[in-house]
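# Structural features, examined
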Amino acid sequence: MAKGTIVQKIIDKHFVSGEKTVGCPVAIRIDQTLTQDATGTMAYLELEAMKVPRVKTELSVSYVDHNMMQNGPENRNDHLYLQSVAAAKGVYFSRPGNGICHQVHLERFGEPGKTLLGSDSHTPTNGGIGMMAIGAGGLDVAQAMAGVPFRMAYPKVIGVKLTGSLSPWCSAKDVILKLLEILTTKGNVGSIVEYFGTGVKSLSVPQRATITNMGAELGVTTSIFPSDANTKAFLDAQKRDDKWVEIKADADAEYDRVIELNLASVEPMAACPSSPDNIKRVKELNGIKVEQVIIGSCTNSSVRDLAIVAAMLKDRHVHDKVTLSIAPGSRQVLEMLSRNGMLGDLIAAGARVLESGCGPCIGQGQSPADTTVTLRTFNRNFAGRTGTKGDQAYLVSPEVAAAAALTGVFTDPRELGMKYPEIAEVKEFLVNDNMIIPPQPAEASIEIIRKPTIGRPPENTALPQNITGEVIIKVGDKITTDHIMPAGIHLKLRSNIPAYSKVVFECFNEDGKPTFAERAAMVRDAGRHGIIVGRDSYGQGSSREHAAICPMFLGIKGVIAFAIERIHAANLVNFGILPLVFANQADYDKINEKDAVLIENIREQLAVDKPVKAAVQNASGGEFEIELNHNLSEEDIRLILAGGSLNCV
Ligand code: MIC
Ligand code: SF4
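Residues numbered from 1 in each chain as written. Chains lettered and ligands numbered in written order. Predicted model: local features only at pLDDT ≥ 70, side-chain atom pairs only at ≥ 80, totals over all residues. Heavy atoms only, no water.

### Concerning the site of ligand 1
As a matter of local geometry, ligand 1 sits amid 14 residues, with D120, S121, R494, S543 and R544 nearest to it. Separating an oxygen atom of ligand 1 from a side-chain N or O atom of S121 is a distance of 2.5 Å. Measuring from an oxygen atom of ligand 1, one finds a side-chain N or O atom of R385 at 2.8 Å. (Near = heavy atom within 4 Å. Polar contact = N/O pair within 3.5 Å; in protein donor to acceptor, adjacent residues only side chain to side chain.)

In structure tokens, the structure reads:
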């Protein structure tokens, strides 16, 4: 087991209960929380349902960054609810337009050595400043706000030893793409990546944040950098020098696994369609025609990232056959660029400047044309996430994105024949917090604004003694929460579970056949329980608990797969759905849609340390038994049997 690591030191400092052995459940104290609007409405409705008058954390912030199109009243209804509930519950509120939660949190709130729980899977961005920053479902974050310690498996620590420094035209994005090539998006559940080595000091906090941000795609619990002189310089420049503390691993720290990476060997990379671990070198892709370039998202939209793009585009223009859109990560970034003239350079070159927020990253506009290539500096390129079916989305660095914007084709920026722009570290950020509204004093009387589209968290009944299941859908490997619960144009339904449930697994619906939601409702109405069958890495990607709530609403009681990703598995538990894995993977081939799955005496079966037995009856008449494993803790079992966490608080 690892020894003397930053991860262990922070866990020790926040330890509440549990066993400090890899894989065993531990509970840690959470210092800060963040929510964003797309997961936040449900999180605050849950907080209200828990009857918690005021948050108990040191700091909680509610951001509005995802859902800002305001097509119809739903988004703005959400914002009004979020602003009023934040004021009432003691939560800071970052207004729409102030920027993406992770970027703003890094700029204005992140503190080395503290714990942060966020209802967004890219919360680990703040690992770049030396925080233990973890993504979770909204209900876990609501509980953290209520002062409940966060439960997680005691992690394995993967040490990434960085040496050397990046070569011109190669950037932090290429570092994380290289790691995705090595570690892939599968098989890393329960680990935390900790960076160390002489190469660390060559990376600024925003560069580190790019790396920890996209660490989410590895499926790890989080990623973390030490807090050192660069961290201090960043906090000084944000006028938050009082928040700096040094955080470092012991000189003789031991990791569960070590990966060495010489930064000088890192080349411009790209994640090809449609997975963040489908990695190629840009030079292998040179010449592929590009129709759209978008620069932004919580991965790559800092002042440094946009400054390099502005320098590359200055006095040049975007290729005639390409559209270039830019979404600055925060209002701070946008305001600084506009005051230092770089925004003018971008506009003059032909960039389309979008508001500071998630925007196209979550399919809110800018969908590419059919069969065209889109290059994005984002962190996810799951199929269809752009809003275009069959999309060809590549994930690249700002340097590679800007090169393609100029040439109209994939271009290794080292071959542009351009001098690499020197971008100096920002010595003083422009600090203007007037878009962050502090909470009202506890004694203030505040009306919580609930327009008609603000629903309530749906209720669930206790798990039945016998599950008389039916397989509603059988899917393959790497099913992401975007497959389960599409965002994009449906995002505005996040506060309305009955309406949002209609699009569960929409991407698998076939014309003329009943949808997943209709099939699930038929099974539920017939008094049976819905079962989902998946394969490896089920539930990858986002933290959206709607990927559990909406299936729960439709009567799903179990997911059976080869492996279920951490945040999604926790969300299933929170909403009373059994996360089970095949003891014998060959059984996957024998089980089909419409098969009956009978799990008798589930309470007794879960109480003993043995695989759960289920009887399967094929729709064609055949019968056989399967064994199902789980790694549920006693507490998880208690929650599932009760029908989910909300029934227990
Ligand atoms: C994402 O990047 O997929 C999201 C949208 O930010 C999600 C959260 C959500 O679905 O609201 C995430 O990463 O957790
Ligand atoms: Fe927003 Fe995209 Fe970051 Fe998710 S990954 S928080 S949608 S910018």
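### Some words on the sheet that holds strand β11 (residues 222-224)
Taking strand neighbours across the sheet as the criterion, the four strands line up as β11-β10-β9-β12 in an open arrangement whose pairing is parallel. Each edge of the sheet is formed by a strand with only one pairing partner; in this case those strands are β11 and β12 (257-262). If you compare each strand with its neighbour and ignore which way they point, the axes differ by 20° on average. Pairing analysis gives six bridges linking strand β9 (residues 156-163) to β12, with the strands arranged parallel. Bridged to G159 within β12 is V258. Where helix α6 (residues 172-183) meets the sheet, it contacts β9, β10 (191-196) and β12, and its direction lies at approximately 135° from that of β12. (Pairing = 2+ DSSP bridges. Helix = DSSP H or I, 4+ residues; strand = E, 2+ residues; numbered from the N terminus. Axes fitted to C-alpha atoms, helices over the stretch in contact; angles between N-to-C directions. Contact = heavy atoms within 4.5 Å.)

### Here we look at the packing of helix α2 (residues 37-49) against helix α3 (residues 74-89)
Packing of α2 against α3 brings their axes to within 10 Å, and their N-to-C directions diverge by 45°. Considered as vectors, α2 and α3 are oriented oblique to each other. Helix-helix and strand crossings are classified by hand; for α2 and α3 the assignment is left-handed. Note on element contacts: α3 touches α2 through D78, Y81, L82, V85 and K89, opposite D37, G40, T41, Y44, L45, L47 and E48. For the contact of α2 with α3, the residue count by class is six nonpolar, two polar and four charged. (Parallel < 35°, antiparallel > 145°, perpendicular 65-115°, else oblique. Left-handed = near helix turned anticlockwise from the far one by under 90°. Nonpolar A, V, L, I, M, F, W, Y, C, P; charged D, E, K, R; others polar.)

### Focus on the sheet that holds strand β22 (residues 529-533)
The strands that make up a sheet are held in pairs by hydrogen bonds between backbone atoms, and each pair lies either parallel or antiparallel. Read around the closed barrel, the seven strands follow the order β21-β22-β23-β24-β27-β26-β25; overall the barrel is mixed. Along the sheet, successive strands turn relative to each other by an average axial angle of 35°, direction set aside. As paired elements, strand β26 (residues 612-617) and strand β27 (residues 623-629) share six bridges and run antiparallel to each other. Within β27, the residue paired with Q617 across the bridge is E623. Across the sheet, helix α16 (residues 516-525) is in contact with β21 (467-474), β22 and β23 (556-561); its angle to β21 comes to roughly 165°.

### As for the site of ligand 2
All residues adjacent to ligand 2 are H66, H102, D120, H122, S297, C298, C358, C361, I362, N379 and R385. Of the residues contributing to the shell around ligand 2, the split by class is four nonpolar, five polar and two charged.

Honestly, it's all geometry; don't read function into it.
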